Amino acid sequence: MNGPLLEVADLNVIYKTYEGTVAAVNGVEFSLEAGRTLGLVGESGAGKTTTALSIMGLVPSPPGIITSGSVNFAGKNLLSFSEKEMKKIRGNHISMIFQDPMTSLNPVVTVGIQISEALVAHQNLSEAEAEKKAMEMLEKVQIPGQRYREYPHEFSGGMRQRVVIAMALACNPGLIIADEPTTALDVTIQAQVLDLMRSLKEEFSTAMIMITHDLGVVGEVCDHVAVMYAGRIVETGSLEQIFGNARHPYTLGLFRCIPDIEEETSKIRPIEGLMPDPLDLPSGCPFHPRCPQCMDVCRTVVPGVLDDGGHRVMCHLYGKGGAARG
Amino acid sequence: MNNGNGTLFAPSSVQTKEREKRRSPWWEVWRRLRRNKAAVVGMSVVILLVVVAVLAPVLAPYDPNQTNIKMRLQGPSSEHPLGTDNFGRDMLSRIIYGSRISLYVGFVAVGIGAVFGGILGAIGGYYGGRLDNFIMRCMDVLLAIPQIILAIAIVGALGTSLLNLMIAVGISQLPRYARVVRASALTVRGQEYVEAARAVGASDARIILENILPNCMAPIIVQSTLGVAQAILSAAALSFLGLGIQPPTAEWGSMLSSGRQFLRNAPYLTFFPGLAISVVVLALNIFGDGLRDSLDPKLRQ
């Protein structure tokens, strides 16, 4: 295939609420090659999930509106697709793993039927064939196939998340969007699930977008990292570029929040202040009210993007003035 | 389940635990329902009634429509335990046969109401917006008319027959199923598993049938059980008014109606059909209440 599998360009999403217009995603741009993993990092409310939902065409509407941008998947702009066409994409070519396995499984339907749902919808399999395939998928996520007929409440949290993974992988999609897949699990189970996801991803050579606010998870599974803040990607690059040579003050702040086992610190150092109100984003760089290195220009001018060998930073410290004046 | 005993103090072996876990949620409901004595009594009466209705030809001592002018208006005796009516027909046999009509009307009418009301409610709750508004306002119109008057109007328009009686009672019950299902659908719609189903590309029809409706099952079941009682009552009332089952078919409401003329001399003609109606309706209501309690997840220990 020529070019990247997924290319998101200038994506803007707003939510129209009674209090006003929430700018959830502002000009997000990234691309992802087949078989690679992108980590989408940021605080709650940074627009990570909205970005993911835009790719799936599942932005709740109303109140959500995608105002501009394009999402090119395998060379086609998904935003121009009709709902009917999107149904053929979802689950078949792009699927999603949700955050909380306790709520993302239907409690009154057996796990087997839930896994075969995508198979029946997309591959025209008969019930028996779908059942066989679903059992195979269960085995793939290390759950005995004969538990096909059991209900979600008969599984533990980690097993449920593995069932959700089996659902997402059932049709062997080209892209999986995992929305904080390990947040609801405890640490040992997290490691198990991450290991499993990584090995399955390699087995099926699936690309993945991993949404998380855990930099440890990113370091473990991702090839590329994009750091989001207030609906923008403020820094993006390969794993080495971001983890070895972070530049944006926000990214640096995130790294400082990780307690270091070797250094003796009594306190972790959080980033001062709170995420700006998305109803009323600050002028200039959205991070400037919290930025320790804030300059005058940051308050008024939206910084342009400096591209240094794929390592892109959106900050006045590195660019020359604002390429995009706003 | 072959290992039914020892559920409370089950040995801690993994095997037993595994088996215990496999019990379906319905088993849990049944366990809680059993603890509620009143509900068990109600359920027994309902089951008894169903058995009587099914076995009516075996149980009834006489043909319910066999007239015998010599034996008219006889009080209860060993020959006719509940007496005879003004045509000399055996009241016990007529009541036994009447249970068939009552149950038939009750279940079919509720079936009509629950299926159509449930579908309308699920569609309204799932899609929301204008469609929902339209459906629910139509239901409000139906609700604004007293149920019995609505049923009378429908029977009046369609003509009196068993089928029309069931349709009339069913339609007059439709709004409450629509409302109950819509309310549940609104909460289920926001659940993550519905979004997950959408994310694997399931069609709307599939989401409604597989995700929305099964998760609304508890209120539908409770509403239906209570609804059967109401439907039996409505059907009896319509028959009493002469708009339902026509004589000579044995039906409790019409028996009540024809017995009315002999209230002074033969009160048993009205007493026994009335008693039958009350017992059945009461049993269904108690059973429905118990079912609601045991299906309520908040009471789960």
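Residues numbered from 1 in each chain as written. Chains lettered and ligands numbered in written order. Predicted model: local features only at pLDDT ≥ 70, side-chain atom pairs only at ≥ 80, totals over all residues. Heavy atoms only, no water.

The name an unreviewed UniProt entry gives chain B is Peptide/nickel transport system permease protein, with Aminivibrio pyruvatiphilus as the organism. Word for word, the UniProt comment on chain B under Sequence similarities (unreviewed entry) is "Belongs to the binding-protein-dependent transport system permease family." (UniProt positions renumbered as here; feature names shortened; annotations may be inferred.)

All right, on to the overall build of chain B then. In terms of regular secondary structure, chain B is built from 13 helices and zero strands. Element order for chain B, N to C, with α for helix and β for strand: α-α-α-α-α-α-α-α-α-α-α-α-α. Taking the principal axes of its C-alpha atoms as reference, chain B extends roughly 75 × 55 × 25 Å. A burial count over chain B gives 45% of its 301 residues as buried. For chain B, the exposed area adds up to about 14900 Å²; of that, 64% sits on carbon and sulfur atoms. (Helix = DSSP H or I, 4+ residues; strand = E, 2+ residues; numbered from the N terminus. Buried < 20%, exposed > 50% of the residue type's maximum accessible area, 1.4 Å probe, protein only. Areas by Shrake-Rupley, 256 points an atom, 1.4 Å probe, with all protein chains shown as cover.)

Contacts between chain A and chain B engage 30 residues on the former and 22 residues on the latter. Buried area between chain A and chain B, both sides added, is near 2100 Å², and the carbon and sulfur share of it is 55%. Remark: the boundary between chain A and chain B carries two salt bridges. Lys87 of chain A is the partner of Asp204 of chain B in a salt bridge, and the nearest nitrogen-oxygen pair spans 3.8 Å. (Contact = heavy atoms within 4.5 Å. Buried area = accessible area lost by both parts, 1.4 Å probe. Salt bridge = Lys/Arg side-chain N within 4 Å of Asp/Glu carboxyl O.)

So, on to a nonpolar patch on the surface. Residue and element names in this part refer to chain B. Residues Ile47, Val50, Val51, Val54, Leu55, Val58, Leu59 and Phe107 make up a contiguous nonpolar surface patch of roughly 690 Å² in combined accessible area. Sorting the residues of the nonpolar patch by element identifies α3 (37–54) and α4 (56–59) as the ones contributing at least two each. Among the elements that take part in the nonpolar patch, α3 stands out by supplying four residues, more than any other. Following the sequence through the fold, Val50 ends up in helix α3. (Patch = residues over 30% accessible without salt bridge, like charges linked within 9 Å, V, L, I, M, F, W, Y side chains within 5 Å.)

Turning our eyes to something else, we now look at the sheet that holds strand β1 (residues 6–17) of chain A. All names here are of chain A. Within the open sheet, the four strands sit side by side as β2-β1-β4-β5. Their pairing is antiparallel. Edge positions in the sheet fall to β2 (20–32) and β5 (76–77), since each has one partner strand and no second. Here 10 bridges tie β1 to β2, and the two strands are oriented antiparallel to one another. Along β2, the bridge assignment pairs Leu11 with Val28. Helix-sheet contacts for helix α1 (residues 48–56) involve β1, β2 and β4 (64–73), and the interaxial angle to β1 is about 110 degrees. (Pairing = 2+ DSSP bridges. Axes fitted to C-alpha atoms, helices over the stretch in contact; angles between N-to-C directions.)

Residue and element names in this part refer to chain B. Relative to the 26 Å expected for 18 residues at 1.5 Å per residue, α3 spans 26 Å between its end C-alpha atoms, a close match to the ideal helical length. Taken together, the buried positions of α3 are occupied by Ala39, Gly42, Met43, Val46, Leu49 and Ala53. Buried residues of α3, viewed axially, fall in a sector of 120 degrees; they line one side. Set apart from the buried face of α3 by more than 90 degrees, the exposed residues are Lys37, Val41 and Leu48. (Expected span 1.5 Å × (residues − 1). Arc of directions from axis to C-beta.)

Turning next to the side chain of Asn12 of chain A. All names here are of chain A. By secondary structure assignment, the location of Asn12 is in strand β1. A polar atom in the side chain of Asn12 sits 2.9 Å from the side chain of Ser68. Once residues lying within four places of it in the same chain are set aside, the contact partners of Asn12 are Val25, Asn26, Gly27, Ile65, Ile66, Thr67 and Ser68. (Polar contact = N/O pair within 3.5 Å; in protein donor to acceptor, adjacent residues only side chain to side chain.)

Glancing now at unusual backbone geometry. All names here are of chain A. Located in the positive-phi region is Asp10, a residue other than glycine, with phi close to 50 degrees. For Asp10, the location among the structural elements is in strand β1. Of note, Asn124 is a non-glycine position whose phi angle comes to about 55 degrees, a positive value. Here Asn124 is to be found in the loop between α3 (111–123) and α4 (127–140).

One finds Leu6, Ile55, Leu175, Ile177 and Ile209 of chain A to be the most contacted residues of the largest nonpolar core, which totals 96 residues. The element contributing the most residues to this core is helix α5 (residues 157–169) of chain A, with eight residues. Beyond its immediate stretch of four places on either side in the chain, Ile55 of chain A contacts Leu6, Val8, Phe30, Val71, Leu78, Met86, Ile94, Leu175, Ile177 and Ile209 of chain A. Membership of the second largest hydrophobic core comes to 43 residues, among which are Ile95, Val228, Trp252 and Ile277 of chain B. (Core = buried A, V, L, I, M, F, W, Y, C linked by side-chain atoms within 4.5 Å.)

Here we take up the confidence of the model for chain B. Residue and element names in this part refer to chain B. Averaged over every residue, the pLDDT of chain B is 83; the share at 70 or more is 90%. The lowest-confidence element of chain B is helix α1 (residues 14–21), averaging 48 in pLDDT; the highest-confidence one is helix α6 (residues 129–144), averaging 92. For the stretch residues 1–21, pLDDT sits under 50, and the model shows 15 contacts to residues farther than four places along the chain or on other chains. Predicted as a complex, the structure gets a pTM of 0.73 and an ipTM equal to 0.73. (pLDDT = per-residue confidence, 0-100.)

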